[in-house]
Amino acid sequence: MKIDKTFLRSKVARRIFLLFISCALLPITVLAVLSFRHVTSQLNKQAQERLEQAAKAMSMNLFERLLFVEAGMEMVASNLGDVSDLETSTVEIGHRLKDRFEGLALVMDSGKTIPLINFVPKPPPVTKEEAEHLRQGRTLISAKLRPNLPGVIFMRRLLKGTGPSKGLLVGQVSDYYLWRRGEENPLPPLTEMLVLDNNGGILFSTLSWSRAVPQGEVSQMIQNHSGQFEWRYGEREYMGRYLSMYLEKEFHFPKWVVLLCESKAHVLAPMARFKHIFPLVVLLALWVVLLLSISQIRRNLVPLERLQEGTKRIAARDFDSRVKVTSGDEFQELAESFNAMASRLGKQFNALTTMNEIDRSILSALDTRRIVDTILNRMRELFPCDCVALALFDSESSDAGLMHIQYGQSEGENWLAPVRLRSDDIQKLDANPEQLLMDIPREFPDYLAPLTELDVELLLALPMFVGGRLSGLIILGYLHPEALNEEDAVQARQLADQVAVAISNARLIEELDELNWGTLYALARAIDAKSAWTAGHSERVTELALKIGQVLGLDQSKLDDLHRGGLLHDIGKIGIPPEILDKAGKLTDEEYELMREHVRIGARILEPIEAYAGIVPVVLHHHEYYDGSGYPDKLKGESIDLGARIFTVADHYDALISDRPYRAGLPREKVIGFIKEDSGTKFDPNVVKAFLEVMDQEDMESQSQSERAVESTGS
């Protein structure tokens, strides 16, 4: 069956197609994954439980066999008489215990060894603790490891009595009897077993003896009583369970660790069929969904393609394009709405372009004057009106303000007129917040008196409210009332809202600027108020620094930074104790060093304020000297910020001329002389020159005031 793939060229078609596929395959995949994980988890859990039970059973079985072997040894020990009886009893002992021992011998105190069953290899030597265990009449077990072979298990027991048969009974436990697999062995089928001693040595293993268990796993098994583990042996992965057998009390052997494990492939064998079936189910679901999705997508694709082509024509500004859809469903309704929208867009596009330009102009303006000029000069580009007026009311009241009026084509025909609203005028505007149409001369309120000379027949008033309060009016005047239509009125209302926002923002910026300066002055006074001797210092220094900056020809931006920096130049004194600031005597070296830190403290205070980055050098370096002998960084010459060099002069002048707790203020002429002397050393010569010019100007102003005062007194 051939499938038409052309429908997938549409993004919507691809999206719907992927949605169909996802809705079908995602639940199946999630369900399969969850089922697979759940079943795998259950199989692992069951295998671990099965291995745990088998490990317990195997441990008990091994312990029982050890007890049986011990019982046989006890029987031998109790039945042995003197040495002559041993010779006659060897055959009987070998017959009865040959299945439990591969070798059994009696080692006499004299050193003589009498074999009872076959040959017994030399066992490990007996320690003091093991000898004490034997003297208590208990059985001792020890092991000797052999590479690639099961370990040799030895069992020893002292003979009772004091006769000639006194000695040590030594036996090598039969590997087959101890580890055999048979009907009595609880080891499940396809299960591997390993037995380790307390040092991790392998006593028995059904696997290959080399690299049977990783050393890290062995260490964990030796330390813990029981647990589970997973490991890889060759090409197979195993999961297992281990359990400790504690033999210390009975046989003076610390413990054996019994490990049982199964291949993961065997445990998870039931999942193999599921893995083969699941892809077939997914493919079947994919095929069914594919057929259904193709049918539905192709049914809806044609209307969508036509609508898409129509939107492309609209994007190319072809507003005369129309879309024809006869599907009889929502797509047809959508096409009809689209055609109506295209018609309206064609009419509004030009108007919106012009309005957008006006919006950008007024919203980007940060002062009221620019906003007013933009409205007056460009409003008639958007609306076919004959005059435009913009009335702005005082921020503290809504009844008085100024009206800006434009009539004609040139800016020279603009004029200002005062305007005042009566209470009934305000009530009428409040009752018509969107727009107010006034037919002239039947309706002509007093506040529109400045427009009486324009001979207009219709006025459209657009109130502008900010925060629920009347803040202004836009008034459009028409000589021919029929020129005003509903769409123009709606757009004019939208523009009035934008103008209200722009004027509100401009006023807010102006208020914020005033608040900023007020805050700076308040902060400067708070800094100076910390000491009675520095009251007004920051403002006086700032005033003098600004005069010097003006003489030097700094632009307004630099002067603003100088202004702010001057008000805050001593902000770091917040961190200086008052007893140092007001100390009457000379400061100690430690106090002087602390006082010098106020410039760094001030800089750190202002650093987080990005807008004050330009004034930080003034605060930090206004105690730097031109010759590099100042502080805190011992900067020299032009490397010192110009604002800081200006404040060095202004700050020194005010500090010397003002009273301090340790001295009275110096005469003005003497202070000026000091500054002249230090020109080129402490102070920038150019700044000193500008400072002297300021001082001369002050002298001239003072002399002029004195002369006017004398004249007024004489008259």
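In case you missed it, the structure is sitting above this.
Please read all numbers here as calculations on a predicted model, not as lab measurements.

### Looking at the sheet that holds strand β9 (residues 236–247)
An order of β7-β6-β10-β9-β8 is seen for the five strands of this open sheet, with the pairing classed as antiparallel. One side of each edge strand has no neighbouring strand; the edge strands of this open sheet are β7 (202–205) and β8 (226–233). Along the sheet, successive strands turn relative to each other by an average axial angle of 25 degrees, direction set aside. When β8 meets β9, the two strands line up antiparallel, connected through eight bridges. Residue pairing across strands places Y233 opposite R236, the latter belonging to β9. Across the sheet, helix α5 (residues 215–223) lies against β6 (191–196), β8, β9 and β10 (253–263), angled at about 130 degrees from β10, the strand it touches most.

### Concerning the pattern of salt bridges
One pass over the structure, following the stated rule, counts 21 salt bridges. A salt bridge links R422 to D424; the shortest N-O distance between them is 3.3 Å. Judged by its relative accessible area of 38%, D424 falls in the partly exposed class. Its salt-bridge partner being D425, residue R422 comes within 3.7 Å of it at the nearest N-O pair. Here the residues in one salt-bridge network are E543, K547, R668, E669 and E698, joined through shared partners.

### Concerning the packing of aromatic side chains
The tally for this structure, following the rule as stated, stands at six aromatic pairs. Ring plane angle 10 degrees and centroid distance 5.1 Å describe the contact between W179 and F204, whose orientation is recorded as stacked. Linking W179 in helix α4 (residues 175–179) with F204 in strand β7, this pair joins segments that are 25 residues apart in sequence. In this structure, W179 and F204 share a single accessibility class: buried. Judged by centre distance (6.2 Å) and plane angle (40 degrees), the ring pair of F229 and Y242 falls under tilted. In this pair, F229 is assigned in strand β8 and Y242 in strand β9, connecting sequence segments 13 residues apart. Classification of Y242 as buried rests on a relative accessible area of 2%. An aromatic cluster is present here, built from W179, F204, F253 and W256 joined pairwise through their rings.

### Topic: unusual backbone geometry
Excluding glycine, residues mostly have negative phi values, and the peptide bonds linking residues are mostly trans. In this model, Y631 is joined to P632 through a cis peptide bond whose omega is 10 degrees. Structurally, P632 is set in the loop between α18 (616–621) and α19 (642–657). Of note in the backbone geometry, H252 takes a positive phi value of approximately 55 degrees without being a glycine. Within the element layout of this structure, H252 appears in the loop between α6 (248–251) and β10. Even without glycine at this site, K634 takes up a positive phi of about 55 degrees. Position of K634 relative to the elements: it lies in the loop between α18 and α19.

### Observations concerning the packing of helix α13 (residues 537–551) against helix α14 (residues 556–567)
Look at α13 against α14: their axes get within 8 Å of each other, and the N-to-C directions meet at 160 degrees. Considering the angle they form, α13 stands roughly antiparallel to α14. Taken as a pair, α13 and α14 cross one another with a handedness that is right-handed. Contacts from S538, E539, T542, A545, L546, G549 and Q550 of α13 reach α14 at L559, L562, H563, G566 and L567. Class assignment for the residues of the contact of α13 with α14 results in five nonpolar, six polar and one charged.

Criteria and thresholds
- Residues numbered from 1 in each chain as written.
- Predicted model: local features only at pLDDT ≥ 70, side-chain atom pairs only at ≥ 80, totals over all residues.
- Heavy atoms only, no water.
- Pairing = 2+ DSSP bridges.
- Helix = DSSP H or I, 4+ residues; strand = E, 2+ residues; numbered from the N terminus.
- Axes fitted to C-alpha atoms, helices over the stretch in contact; angles between N-to-C directions.
- Contact = heavy atoms within 4.5 Å.
- Salt bridge = Lys/Arg side-chain N within 4 Å of Asp/Glu carboxyl O.
- Buried < 20%, exposed > 50% of the residue type's maximum accessible area, 1.4 Å probe, protein only.
- Phe/Tyr/Trp six-rings, centres within 6.5 Å; stacked < 30°, edge-to-face > 60°.
- Parallel < 35°, antiparallel > 145°, perpendicular 65-115°, else oblique.
- Left-handed = near helix turned anticlockwise from the far one by under 90°.
- Nonpolar A, V, L, I, M, F, W, Y, C, P; charged D, E, K, R; others polar.

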